[in-house]
Amino acid sequence: MAARIQRPQVQRLLLAQLAVVALLSLLGAVLSGISGAASASTGGLVAFLPNAFFAWRVFRYQGARYSRAIVNGFYRAEAGKFGLTAALFTLVFIAVPPSNPTFFFGAYVVTLFVHWLGPWLVKRPSHT
């Protein structure tokens, strides 16, 4: 009987990132009003949206017969994530420049750091 490796549950990691964005937006609202909340929200979303895109793209294929598609999927997802990040930064700075850059970049960095919690947030299935 062939072993079947299940996909990691990345939804918990993405939900944790969204929770961090919400908390930082609330903190921005308390400390700096609506401008701080808007800056924190946009900074967090600039970090979150490319990560969600990456997770959506990278786990499309499963199984040894799709190994080439899996590897190509990782490269394409990473390239898309990079391009989406650059496009979102450009869009934010042209369309809605953050009124509080501290909250914008702080929320961006903290949202990215949630990945460090990945080993505890992504539940791995038992292989026994």
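Data block above holds the structure.
Rules behind the numbers
- Residues numbered from 1 in each chain as written.
- Predicted model: local features only at pLDDT ≥ 70, side-chain atom pairs only at ≥ 80, totals over all residues.
- Heavy atoms only, no water.
- Helix = DSSP H or I, 4+ residues; strand = E, 2+ residues; numbered from the N terminus.
- Buried < 20%, exposed > 50% of the residue type's maximum accessible area, 1.4 Å probe, protein only.
- Contact = heavy atoms within 4.5 Å.
- Axes fitted to C-alpha atoms, helices over the stretch in contact; angles between N-to-C directions.
- Parallel < 35°, antiparallel > 145°, perpendicular 65-115°, else oblique.
- Left-handed = near helix turned anticlockwise from the far one by under 90°.
- Nonpolar A, V, L, I, M, F, W, Y, C, P; charged D, E, K, R; others polar.
- Core = buried A, V, L, I, M, F, W, Y, C linked by side-chain atoms within 4.5 Å.

With that settled, the discussion passes to the overall build of the protein chain. When you go through the protein chain residue by residue, the secondary structure sums to four helices and zero strands. Secondary structure of the protein chain in N-to-C order comes out as α-α-α-α. Every one of the 128 residues in the protein chain was classed for burial, and the buried ones make up 33%. Residue pairs in contact within the protein chain that sit at least 24 positions apart in sequence constitute 75% of those at least 6 positions apart.

Right, let's talk about the packing of helix α2 (residues 67-95) against helix α3 (residues 101-113) for a bit. At a minimum axis distance of 13 Å, the contact between α2 and α3 shows a crossing angle of 165°. Compared by their axis directions, α2 and α3 come out roughly antiparallel. With respect to the hand of their crossing, α2 and α3 are arranged in right-handed fashion. Where α2 abuts α3, its residues T85, F89, V92 and F93 lie against F104, F105 and Y108. For the contact of α2 with α3, the class distribution of residues is six nonpolar, one polar and no charged.

With respect to the secondary-structure elements, Q17 resides in helix α1 (residues 11-58). When residues no more than four places from it in sequence are discounted, the contact partners of Q17 are F48, N51, T111, V114 and H115.

Counting eight residues, the largest nonpolar core is built from L13, A16, V20, L24, A40, F103, A107 and V114. Element by element, the count of residues in this core is highest for α1, at five residues. Beyond its immediate stretch of four places on either side in the chain, A40 contacts L24, S25, F103, F104 and A107. Grouped together as the second largest cluster of nonpolar side chains are seven residues, V46, L88, V92 and F104 included.

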